Amino acid sequence: MLIKVFDDRVALGHAAAEQATAAIRRAIAERGHARIIAATAASQLEFLDALTKTPGIDWSKVEAFHLDEYIGLPVTHPGSFRKMLLEQLVQKTGITQYHLLDGDAADPVEAVRREGKELASMTVDIAFLGIGENGHIAFNDPPADFETEEPYLIVNLDEACRQQQVGEAWFADISQVPRRAISMSARQILKAREILAVVPGPRKAQAVKFCLEGTISPMAPASILRTHPNATVYLDNASASLLGPALQTALSETSQVMVSS
């Protein structure tokens, strides 16, 4: 895993967008199309804004998959990740090939099966992720399932995850946050050729330390990214602030450092 640190979330977002753009263009040049997984949350705003403003991407050749969504939440709700995906990516680029997770479907199990089949049909070129305050990737809260090969899961959200959504002002209080969600599985995320995690802000600092320096464990879901051969984590000074002295020293010298599993 490669860790890169920037002064602020705007600089972070622009740098991450450069890497994402290169991956998309490379996939289109080599295979005629690019398959991406897109995270949509407050932490991704600057990155997605920079990416959608980057010239020279043929978005008609890009197919986008959704990372996660609440069960029972309509697409019109401000906290809906479908709504965010549409507003932050699809509508800005004109992508026509996109797959939304229907969280308020009459049969969520069927929605999971249907979208999982599409996702697993071909390899994803690059996955855009965040890391939650409890260390989750997608909605794989601790203890995450590191074993299942199912592309998507129906999961129960823990209190820390639900409280984060309140803290980000998507919901007025925790009673309004759904208790279940559809989430891409950890192993499915790892099947992407390239992973790019955008993790800014002081509220992510403890999770960053836990997942990048601790044991690779289902209790630190994002730690599994350290097993991927081509994963890059983008931090700002705030989210990197609790990393240990060895990493801090290395980062102060080069602004980026490799971390092994």
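Residues numbered from 1 in each chain as written. Predicted model: local features only at pLDDT ≥ 70, side-chain atom pairs only at ≥ 80, totals over all residues. Heavy atoms only, no water.

Asks: In this structure, what is going on with the packing of helix H2 (residues 45-52) against helix H3 (residues 81-93)? I would like to understand it.
Replies: Packed helix pairs are specified by the crossing angle of their axes together with the interaxial distance, meaning the distance between the axes. It is at 10 Å that the axes of H2 and H3 come closest, and there the two elements cross at 0°. In this view, H2 runs roughly parallel relative to H3, as classed from their interaxial angle. Along the contact surface, H2 presents Leu-45, Leu-48, Asp-49 and Thr-52, while H3 presents Gln-88, Leu-89, Lys-92 and Thr-93. Taken together, the residues that form the contact of H2 with H3 break down as three nonpolar, three polar and two charged. (Axes fitted to C-alpha atoms, helices over the stretch in contact; angles between N-to-C directions. Helix = DSSP H or I, 4+ residues; strand = E, 2+ residues; numbered from the N terminus. Parallel < 35°, antiparallel > 145°, perpendicular 65-115°, else oblique. Contact = heavy atoms within 4.5 Å. Nonpolar A, V, L, I, M, F, W, Y, C, P; charged D, E, K, R; others polar.)

Asks: Just checking my understanding: could you explain the pattern of salt bridges for this structure?
Replies: Opposite charge on two side chains permits pairing when their charged atoms draw close. Tallied over the full model, the rule gives 19 salt bridges. Here Arg-82 makes a salt bridge to Glu-69, at a shortest N to O gap of 3.0 Å. With Arg-82 in helix H3 and Glu-69 in strand E4 (residues 68-70), the pair connects residues that are 13 residues apart, well separated along the chain. Judged by its relative accessible area of 0%, Glu-69 falls in the buried class. Close ionic contact of Arg-193 with Asp-125 constitutes a salt bridge, the shortest N to O distance being 2.8 Å. With a gap of 68 residues between them, Arg-193 in the loop between helix H6 (186-190) and strand E9 (194-199) and Asp-125 in the loop between helix H4 (108-120) and strand E6 (126-129) connect regions that are remote in the sequence. (Salt bridge = Lys/Arg side-chain N within 4 Å of Asp/Glu carboxyl O. Buried < 20%, exposed > 50% of the residue type's maximum accessible area, 1.4 Å probe, protein only.)

Asks: Explain the packing of aromatic side chains to me, please; I cannot follow it from the model alone.
Replies: Both the distance between ring centres and the angle between the ring planes are used here to describe each pair of aromatic rings. Counted by the stated rule, this structure contains six aromatic pairs. With a centroid separation of 5.6 Å and 80° between ring planes, the pair formed by Tyr-70 and Phe-171 is classed as edge-to-face. Of this pair, Tyr-70 sits in strand E4 while Phe-171 sits in the loop between helix H5 (159-167) and strand E8 (180-184); the two residues are 101 residues apart in sequence, bridging distant segments of the chain. Clustering of aromatic rings is evident, with ring pairs tying together Tyr-70, Phe-81, Phe-139 and Phe-171. (Phe/Tyr/Trp six-rings, centres within 6.5 Å; stacked < 30°, edge-to-face > 60°.)

Asks: Sorry if this is basic, but what is going on with the side chain of Glu-115 here?
Replies: Residue placement: Glu-115 occurs in helix H4. For Glu-115, a relative accessible area of 11% puts it in the buried group. Not counting residues up to four positions away in its chain, the partners in contact with Glu-115 are His-99, Leu-100, Leu-101 and Tyr-152.

Asks: Looking at this structure, how should I read the environment of Ala-172?
Replies: Looking at the secondary structure, you find Ala-172 in the loop between H5 and E8. For Ala-172, a relative accessible area of 61% corresponds to the exposed category. For the pair formed by Ala-172 and Tyr-234, sequence separation is 62 residues and the distance between their alpha carbons is 30 Å.

Asks: Help me understand the environment of Ser-255, please; the structure alone is not making it clear to me.
Replies: Mapping Ser-255 onto the fold places it in the loop between helix H8 (245-254) and strand E11 (256-258). Residues Ser-255 and Leu-235, 20 residues apart in the sequence, show an inter-C-alpha distance of 10.0 Å. If we skip the residues at most four places from it in the chain, Ser-255 touches Ile-3, Lys-4, Val-5 and Ala-250.

Asks: In this structure, what is going on with the sheet that holds E11? I would like to understand it.
Replies: Where strands meet in a sheet, backbone hydrogen bonds hold them as pairs that are either parallel or antiparallel. Strand order in this open sheet of eight strands is E5-E3-E2-E6-E9-E10-E1-E11, and the pairing throughout is mixed. For this open sheet the edge positions go to strand E5 (97-99) and E11, each flanked by a neighbour on one side alone. Ignoring strand direction, the axes of neighbouring strands in this sheet form an average angle of 15°. Of the pairings in the sheet, the one linking E6 to E9 comprises four bridges and is parallel in character. In the sheet register, Ala-127 faces E9, and the bridge partner there is Ile-195. Strands in contact with H3 are strand E2 (34-38), strand E3 (62-66) and E5; relative to E3, the strand with the most contacts, it is inclined by about 155°. (Pairing = 2+ DSSP bridges.)

Asks: Hey, could you run me through the pairing of E3 in this one?
Replies: Two faces belong to every sheet, and in a regular strand the side chains alternate between them. Most of E3 is tucked away, with five of its five residues classed as buried. Burial of E3 is two-sided: the residues Val-62, Ala-64 and His-66 facing one way and the residues Glu-63 and Phe-65 facing the other way are all buried.

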